[in-house]
Amino acid sequence: MSDALLQDLWFRRADDIVVEGIDAGDELVAIQARTSGSRAACPCCGVLSGSVHSRYVRRLADRPVGSRPVVIALQVRRFRCREHVCPRATFVEQVDGLTFRHGRRSSGLQDVLRHVALMLAGRAGARLVRTLTTVVSRSTLLRLVRALPDPEPSTPRVLGVDEFALLKGHNYGTILVDIETRQPVDLLPGRSIETVARWLADHPGVEVICRDRSLTYAEAGRVGAPDAVHVADRWHIWKNLVEAVEKTVVQHRALLREPQKTVADRPTLPLDIEDLAPPPATGPRRTGKLSARVREQHALVHGLLAEGMGLRKISRELGLARDTVRRLAQAAGPDELLVGRWTGRTSILDPHKPYLHRRWREGCTNAARLLTELRDQGYQGGATIVRQYVRRLREASPHDEAPRRPPSVRDVTSWITRHPDSLREDQARQLKDILTRCPKLDQTAGHVREFAQLMNNRRGRDLHQWIARVEADDLPALHTFTTGLGQDFDAVVAGLTMPYSSGPVEGHNNKIKMLKRQMFGRASFDLLRKRVLLAAHGRS
């Protein structure tokens, strides 16, 4: 890159600076410059002065050019202040957009570092700026964030309130969000009634307060903003209803399992293995590689036996196992070795097959469980033969479904509280069977569907009638839920009627968790508050 091009790129912003030289090396770009203005304004009194006291050179780090760091050697002047009442005798001129008081970096590089610090905080930000050929410690980045001024305070018309954990289970804070603009307004240390009520009293003008079912924030709103309308969040209301439904399902969990089929309802199975086995071959194998190999080995073995050779020596001579040689020697002809394996043979499992068939008709189809029971009955064979036989039983009755796992309490609760269109066909069928067997759960499901329609259609005015229908049935868990609604009835009705919710608050609460992980070890409240507020408002 030529010196003229570097000068053109860099000095488009500075009209009161004169470039005296540019040294563009392979690893560093050094720029020599001086100020050219005739006068400067005193930072204390603002009076212009043209009396030069002295000159000196400031070395400023600037934004990199072509992956090379830039260092500016800028000659500046110190002026005398001619205002007699001004406490400052001399001052140094500053260049707008380039220098600031006591700064060792240019204003442009300082802005970049502030943005990085707000987005990534300390360690991650230091690693990023290192790729920009700038070396800054994580503590310096955090100091840049703390030095930023807070955004201008504002009072939202619709305010969302929720808690967040600084140290889960020990230390909590409160986040305030403008629901209409979805921007955070403030972070408060603690979640007490006094803290939130004081903030509301200091910021009059809040008309609507969106919150969860917390009684703490309800009381704080009544004290700090008595004229505000409280809106209970619909998600938290539905969550409370789901918890009540789960308690009802737990009370009737014995009816979730399908009735067991009796032995008479199950199909009969054959009691002999020949009925399950494929029909034996009509004769010995005559063709194929196996037939040719067995016939050749049989002839060789019997030929060596005729010569008087022993079985052990024949095994070494032909490279065959001794058991193989023994079977070949005992067979009068090769056809005996090439017939079906089931012909005339018995199995160690045969005495236990009636017990297997009986357990199969009773619904036990698990091979591992059957093996355990057989060994208790005295079976001494291996597991493979049992698994193979169970597989043959399963193939013999392909239309006999294996018993299904009964649905859990969580499954049934989810099916009742979900939209019917989101259920699979088998889930809808199982839920229908359960509701048929349990009238209490059927009543609960009906009330849940009515409440879902009431909530989705914003018919909070009908909540009285729904509560009356629930209390007419013997459903203790739902009665507890309706009692809780009555304790905060006006806020619940507003939550089921008005379009506001705590969704933006929950989103910022989730973002705070991400920022805490990013700032592990340095997530103090003041620094966390700066990052949440300034990053959301786009400040740098």
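Rules and cut-offs
Residues numbered from 1 in each chain as written. Predicted model: local features only at pLDDT ≥ 70, side-chain atom pairs only at ≥ 80, totals over all residues. Heavy atoms only, no water. Pairing = 2+ DSSP bridges. Helix = DSSP H or I, 4+ residues; strand = E, 2+ residues; numbered from the N terminus. Right-handed = clockwise from strand over helix to strand, strands pointing away. Patch = residues over 30% accessible without salt bridge, like charges linked within 9 Å, V, L, I, M, F, W, Y side chains within 5 Å. Areas by Shrake-Rupley, 256 points an atom, 1.4 Å probe, with all protein chains shown as cover. Salt bridge = Lys/Arg side-chain N within 4 Å of Asp/Glu carboxyl O. Lys, Arg positive; Asp, Glu negative; His and termini not counted. Charge placed at Lys NZ, Arg CZ, Asp CG, Glu CD. Buried < 20%, exposed > 50% of the residue type's maximum accessible area, 1.4 Å probe, protein only. Phe/Tyr/Trp six-rings, centres within 6.5 Å; stacked < 30°, edge-to-face > 60°.

A.B. asks: So what's going on with the pairing of strand β12 (residues 229-232)? Residues and values would help.
C.D. replies: Relative to β12, strand β11 (residues 208-211) runs parallel, the two being bridged by 4 bridges. Across the sheet, residue Ile209 finds its bridge partner in β12, namely His230. Running through helix α6 (residues 215-224), the crossover from β11 to the neighbouring parallel element β12 is right-handed.

A.B. asks: Could you give an account of a positive patch on the surface, with specific residues and numbers?
C.D. replies: On the surface, Arg123, Arg127, Arg130 and Arg138 cluster together to form a positively charged patch. A total of 3 residues in the positive patch trace back to one element, the largest contributor, which is helix α3 (residues 123-131). Turning to its location among the elements, Arg138 is positioned in helix α4 (residues 138-147). The partly exposed category is assigned to Arg138, whose relative accessible area is 36%.

A.B. asks: Would you mind going over the pattern of salt bridges in detail, with residue names and values included?
C.D. replies: The tally for this structure, following the rule as stated, stands at 21 salt bridges. A salt bridge links Glu180 to Arg157, with the nearest nitrogen and oxygen atoms 2.6 Å apart. Here Glu180 is found in the loop between β9 (171-178) and β10 (183-189), whereas its partner Arg157 is found in the loop between α4 and β8 (158-167), with 23 residues between them in sequence. By relative accessible area, which is 45% here, Glu180 ends up partly exposed. Arg326 is the partner of Asp323 in a salt bridge, and the nearest nitrogen-oxygen pair spans 2.7 Å. With Asp323 and Arg326 both in helix α11 (residues 322-330) and 3 residues apart, the pair spans about one turn of that helix.

A.B. asks: An account of the packing of aromatic side chains is needed here, citing residue identities and associated values.
C.D. replies: Under the counting rule described, the total for this entry stands at 5 aromatic pairs. Seen from their ring centres, Phe79 and Phe91 are 5.9 Å apart, and the 20° between their planes marks the pair as stacked. On the criterion of sequence distance, the pair formed by Phe79 in strand β6 (residues 68-80) and Phe91 in strand β7 (residues 90-92) is long-range, its members being 12 residues apart. Residues Phe79 and Phe91 agree in their burial class; the two are buried. Pairing Trp466 with Phe481 gives two aromatic rings, centres 6.1 Å apart and planes at 85°, and the pair type is edge-to-face. Of this pair, Trp466 sits in helix α18 (residues 463-471) while Phe481 sits in helix α19 (residues 476-487), and the two are 15 residues apart along the sequence. Note on Trp466: relative accessible area 1%, which makes it buried.

A.B. asks: How would you explain the side chain of Gln427 if you had to name every residue and give the values?
C.D. replies: Mapped onto the secondary structure, Gln427 falls in helix α16 (residues 425-437). In this structure Gln427 comes out as buried when scored by relative accessible area, which is 9%.

A.B. asks: Quick one: what's the story with the pairing of strand β2 (residues 29-35), residue by residue and with numbers?
C.D. replies: With respect to burial, β2 is a largely interior element, 5 of its 7 residues being buried. Taken together, strand β1 (residues 17-24) and the strand that follows it, β2, pair antiparallel across an intervening segment of 4 residues. Looking at chain direction, β2 and β6 are connected through 6 bridges and run parallel. Along β6, the bridge assignment pairs Gln32 with Ala73.

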